Amino acid sequence: MGTNFMRSLIVVAFLLMLGIGNGAARQAPAQQAPAAPPSKFKLMSSAYSEGSMIPTQYSCADPNASSPALQWSNPPAATVSYAVILHDTDAAPAKGTMDVTHWIFWNVPAGSTAVAGNVKPDSSPDGIMQGKNVRNINGFQPPCPPPGATPHHYIFELYALDAKLDLPAGSARADLLKAMDGHVIGKATYVGVFGR
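Note that the coordinates shown come from a computational prediction; the quantities given were computed from them, not determined experimentally. (Residues numbered from 1 in each chain as written. Predicted model: local features only at pLDDT ≥ 70, side-chain atom pairs only at ≥ 80, totals over all residues. Heavy atoms only, no water.)

Peer 1: I'd love a proper account of the pattern of salt bridges, names of residues and values included.
Peer 2: Enumeration over the complete set of coordinates arrives at two salt bridges. The partner of Asp-99 in a salt bridge is Arg-173, and the shortest N-O contact between them spans 2.7 Å. With a gap of 74 residues between them, Asp-99 in the loop between strand E3 (81-88) and strand E4 (100-109) and Arg-173 in helix H2 (residues 173-180) connect regions that are remote in the sequence. The residues Asp-99 and Arg-173 share a single accessibility class, namely buried. With a shortest N-O distance of 3.7 Å, Glu-157 and Lys-187 are connected by a salt bridge. One end of the pair, Glu-157, is in strand E7 (residues 152-161); the other, Lys-187, is in strand E8 (residues 184-194), with 30 residues separating them in the sequence. (Salt bridge = Lys/Arg side-chain N within 4 Å of Asp/Glu carboxyl O. Helix = DSSP H or I, 4+ residues; strand = E, 2+ residues; numbered from the N terminus. Buried < 20%, exposed > 50% of the residue type's maximum accessible area, 1.4 Å probe, protein only.)

Listed below in structure tokens is the structure:
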């Protein structure tokens, strides 16, 4: 009788533990799968890979150099226009604070996801406005570091803006930066390297 009593106690204890465990499981909040992070605003180019050497055809080593094609994805929903700045971060002319401006353009339409390659100076494809580069030309200045120097970094910066800019063609980079101030809602970058 003592053995049966002990067995009964063990069974009751086991059932109580099982009931408590099940109750705890029922009370635990269901875990939800984490939400996927929002897609990042991204700038790309079919001309060369991010961080890689820029091909000669887009540099001053080629007398017929052309601007590379650019593509982007996942812009901010409120984008009204885009602006682009290409600059060499490894040079500072006349020991100044501004590095070398190779290309600026703005008022790229909000519905655009690309700019074709070989944009001619002083042209306005799709209403795009071009401004002055380091050589005071309204257009693309190919990468051109001094011969024998350490390769320079050339950065494309794509800005998503909440407005179309009231800025005339031929404006300087400082003018573009001032006009964009207070309108930038997204930024994407793309880097290439070039040396000769």
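Peer 1: With reference to specific residues and values, describe the environment of Gly-195.
Peer 2: Here Gly-195 is to be found in the segment after E8. We classify Gly-195 as partly exposed; its relative accessible area is 25%. In this structure, the C-alpha to C-alpha distance between Gly-195 and Ala-61, residues 134 residues apart in sequence, is 9.7 Å. Dropping the residues within four chain positions of it, Gly-195 is found in contact with Met-53, Pro-145 and Pro-151. (Contact = heavy atoms within 4.5 Å.)

Peer 1: Which residues make up the sheet that holds E7, and what values go with them?
Peer 2: In space, the five strands of this open sheet follow the order E6-E4-E3-E7-E8, with antiparallel pairing throughout. Looking at which strands have only one partner, the edges of the open sheet turn out to be strand E6 (129-130) and E8. Packing against the sheet, H2 makes contact with E3, E4, E7 and E8, and its axis sits at approximately 140 degrees to E3. (Pairing = 2+ DSSP bridges. Axes fitted to C-alpha atoms, helices over the stretch in contact; angles between N-to-C directions.)

Peer 1: Give a description of the packing of aromatic side chains that names residues and reports values.
Peer 2: In this description, an aromatic ring pair is defined by two values, namely the gap between the centres and the angle between the planes. Applying the stated criterion across every chain, the model contains six aromatic pairs. Considering the side-chain rings of Trp-72 and Tyr-82, the 5.0 Å spacing of their centres and the 55 degrees angle between planes classify their relative orientation as tilted. Here Tyr-82 lies in strand E3 and Trp-72 lies in strand E2 (residues 70-73), a separation of 10 residues in the sequence. Both residues of the pair, Trp-72 and Tyr-82, belong to the buried class. (Phe/Tyr/Trp six-rings, centres within 6.5 Å; stacked < 30°, edge-to-face > 60°.)

Peer 1: Pulling in residues and values, what's your account of the state of the cysteines?
Peer 2: A full pass over the atoms with the stated rule returns one disulfide. Residue pairing for Cys-60: its cysteine sulfur links by disulfide to Cys-144, the two sulfurs lying 2.1 Å apart. One quick way to see it: the torsion about the S-S bond of Cys-60 and Cys-144 is about 80 degrees, and its sign makes the bridge right-handed. Linking Cys-60 in the loop between strand E1 (42-44) and E2 with Cys-144 in the loop between E6 and E7, this pair joins segments that are 84 residues apart in sequence. The exposure class assigned to Cys-60 is partly exposed, which follows from its relative accessible area of 27%. (Disulfide = S-S within 2.5 Å.)

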